[in-house]
Amino acid sequence: MEELLRRELGCSSVKATGHSGGGCISQGQSYDTDRGRVFVKVNAKAEARRMFEGEMASLTAILKTDTVRVPKPIKVLDAPGGGSMLVMEHVDMRPLSSHAAELGARLADLHLENKKLGEALQKGAGTVGRGGGQAGRPFVDQFGFDVVTCCGYLPQVNDWQKDWVAFYTQQRIQPQMDMVEKGSGDREALELWSALQLKIPDLFRDLDIVPALLHGDLWGGNVAEDASGPVIFDPASFYGHSEYELAIAGMFGGFSGSFYAAYHSRVPRAPGFERRLQLYQLFHYLNHWNHFGAGYRGSSLSIMKKLSR
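It should be emphasised that the depicted structure is a prediction, and the values quoted were computed from it without experimental measurement.

Participant: I'd like a description of helix H5 (residues 187-199), backed by residues and values.
Facilitator: Look at H5: 19 Å from first C-alpha to last across 13 residues, which is about the 18 Å you get at 1.5 Å a residue. Turning to H5, its buried residues number three or more, namely Ala189, Leu192, Trp193 and Leu196. Angular distribution of buried residues about the axis of H5 spans 105 degrees; they occupy a single face of the element. Opposite the packed face of H5, turned more than 90 degrees from it, sit the exposed residues Arg187 and Leu198. Buried residues in H5 make contact with helix H4 (164-183), helix H8 (273-292) and helix H9 (297-308). Two or three places before Glu188, at the start of H5, stands the capping residue Asp186, its side-chain oxygen 3.3 Å from that residue's backbone nitrogen.

Participant: Let's hear about the domain arrangement of the protein chain: which residues, and what values?
Facilitator: Domain boundaries assigned for the protein chain yield domain 1 (1-90) and domain 2 (95-308). With 21 residues of domain 1 in contact, the opposing surface of domain 2 contributes 28 residues. Carbon and sulfur atoms make up 70% of the area that domain 1 and domain 2 hide from each other, which totals about 2,000 Å². Contact with domain 2 buries surface across domain 1, with Thr67, Val68 and Arg69 losing the most and accounting together for 27% of the total. If you look at where domain 1 meets domain 2, you find two salt bridges. Two residues, Asp226 and Arg69, come together in a salt bridge whose shortest N-O distance is 2.4 Å. Counting the contacts that link domain 1 with domain 2 gives six residue pairs in polar contact (both at pLDDT 80 or more). For the side of domain 1 that touches domain 2, the element with the highest residue contribution is helix H2 (residues 48-65), accounting for 11 residues. Residues belonging to the side of domain 1 that touches domain 2 are distributed by class as follows: 10 nonpolar, four polar and seven charged.

Participant: Please set out the nonpolar core residue by residue, giving values where relevant.
Facilitator: Counting residues in each nonpolar core, the largest one holds 71 residues, and the members touching the most others are Trp164 and Phe204. Ranked by residue count, the leading element in this core is H8, at nine residues. Domain assignment of the residues forming this core places at least three in each of domain 1 (1-90) and domain 2 (95-308). Leu4, Leu77, Met85 and Val87 belong to the second-largest nonpolar core, a separate cluster that totals 12 residues.

Participant: Describe the state of the cysteines, and please don't skip the residues or the numbers.
Facilitator: Tallied over the full model, the rule gives zero disulfides. Not part of a disulfide, Cys151 finds its nearest cysteine sulfur in Cys150, a span of 9.0 Å. Residue Cys151 is classed as buried on the basis of its relative accessible area, which comes to 2%.

Participant: Requested: an account of the pairing of strand S10 (residues 229-232), with residues and values cited.
Facilitator: As paired strands, strand S9 (residues 223-226) and S10 are joined by four bridges and run antiparallel to one another. Pairing of Asp226 across the sheet is with Gly229, part of S10. Hairpin geometry of S9 and S10 is characterised by an intervening segment of two residues between the two adjacent antiparallel strands.

Participant: Could you give me a rundown of the packing of H4 against H8, with the residues and numbers involved?
Facilitator: H8 packs onto H4 with a crossing angle of 25 degrees between their chain directions and a minimal axis gap of 9 Å. In this view, H4 runs roughly parallel relative to H8, as classed from their interaxial angle. When you trace H4 past H8, the crossing you get is left-handed. Every residue of H8 that contacts H4 at Trp164, Tyr168, Arg172, Ile173, Gln176, Met177, Met179 and Val180 is listed here: Leu279, Tyr280, Leu282, Phe283, Leu286, Asn287, Trp289 and Asn290. Its residues assigned to classes, the contact of H4 with H8 comprises 12 nonpolar, three polar and one charged.

About the cut-offs
- Residues numbered from 1 in each chain as written.
- Predicted model: local features only at pLDDT ≥ 70, side-chain atom pairs only at ≥ 80, totals over all residues.
- Heavy atoms only, no water.
- Helix = DSSP H or I, 4+ residues; strand = E, 2+ residues; numbered from the N terminus.
- Expected span 1.5 Å × (residues − 1).
- Buried < 20%, exposed > 50% of the residue type's maximum accessible area, 1.4 Å probe, protein only.
- Arc of directions from axis to C-beta.
- Contact = heavy atoms within 4.5 Å.
- Polar contact = N/O pair within 3.5 Å; in protein donor to acceptor, adjacent residues only side chain to side chain.
- Domains from an automatic or database assignment.
- Buried area = accessible area lost by both parts, 1.4 Å probe.
- Salt bridge = Lys/Arg side-chain N within 4 Å of Asp/Glu carboxyl O.
- Nonpolar A, V, L, I, M, F, W, Y, C, P; charged D, E, K, R; others polar.
- Core = buried A, V, L, I, M, F, W, Y, C linked by side-chain atoms within 4.5 Å.
- Disulfide = S-S within 2.5 Å.
- Pairing = 2+ DSSP bridges.
- Axes fitted to C-alpha atoms, helices over the stretch in contact; angles between N-to-C directions.
- Parallel < 35°, antiparallel > 145°, perpendicular 65-115°, else oblique.
- Left-handed = near helix turned anticlockwise from the far one by under 90°.

Written out as structure tokens, the structure reads:
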């Protein structure tokens with residue numbers, strides 16, 4: 001590993017440190033180099049390169065907004081023995097605590113950044129449209145992302161669409177339901193999804209949604225802080241509805257009242273927020289069902305029943 005990193009990163013010295021980490025998807029290890037400390041995530045799955053290329057594109061996109069800190073990505077490499085690895089800046093992180101409110105404010109800034117670009121364009125700064133606008137930071141007027149990103153190890157369809165409801169139903173929930181059908185053929189789940197689809201447009205009535213760049217998997221295990229402030233990592237980004245970001249945040253805890261207060265002081269709750277939050281949590285429960293098994297079936301069906309009434 002050290003020799004590979006020396007060659008690929010152009011370093012003269014590479015040495016493993018005592019810092020390691022990982023979760024249920026990938027494992028990581030820090031290395032000291034003559035160009036600074038790096039963190040290397042490794043995954044042996046055949047599809048790991050796609051996963052890491054999506055993560056690198058996500059980190060790069062968030063980094064360019066200059067709103068909330070993420071580790072700077074460096075390179076995706078083939079791993080010794082198979083799979084792939086992502087090399088990034090090492091950040092000496094600790095659990096989020098004193099910087100929770102700052103994270104809420106910075107996350108709001110991330111979500112508002114594209115909207116502000118659009119407002120600037122409407123004032124005569126350029127032509128509105130994906131690919132138009134000022135050099136470096138174009139306004140994005142569609143929902144999606146330029147590359148595939150993975151929430152966990154399952155790929156997300158990020159084809160660009162103008163309509164958010166169509167994007168969310170067709171490219172987030174439907175692929176998850178297809179996996180449920182293929183994996184278990186769960187008749188009740190499929191019938192509930194058919195009923196729910198008819199109700200979804202009502203949840204978005206009179207709502208004007210401007211695409212926001214999202215982290216995409218913002219649960220408590222993907223946020224931290226260092227001495228300088230909050231840090232987010234392991235993103236699965238795309239341009240979507242800002243409310244989507246708060247769904248998984250509310251499912252597994254780890255976010256304080258000060259985080260939410262700071263966030264909503266900049267992005268106020270719109271009417272119908274709570275029901276839409278349940279709809280967005282449905283994706284994550286289905287995604288967990290398809291990752292980890294039927295222990296998440298009950299939560300998935302419960303949400304579909306509530307929203308179908």
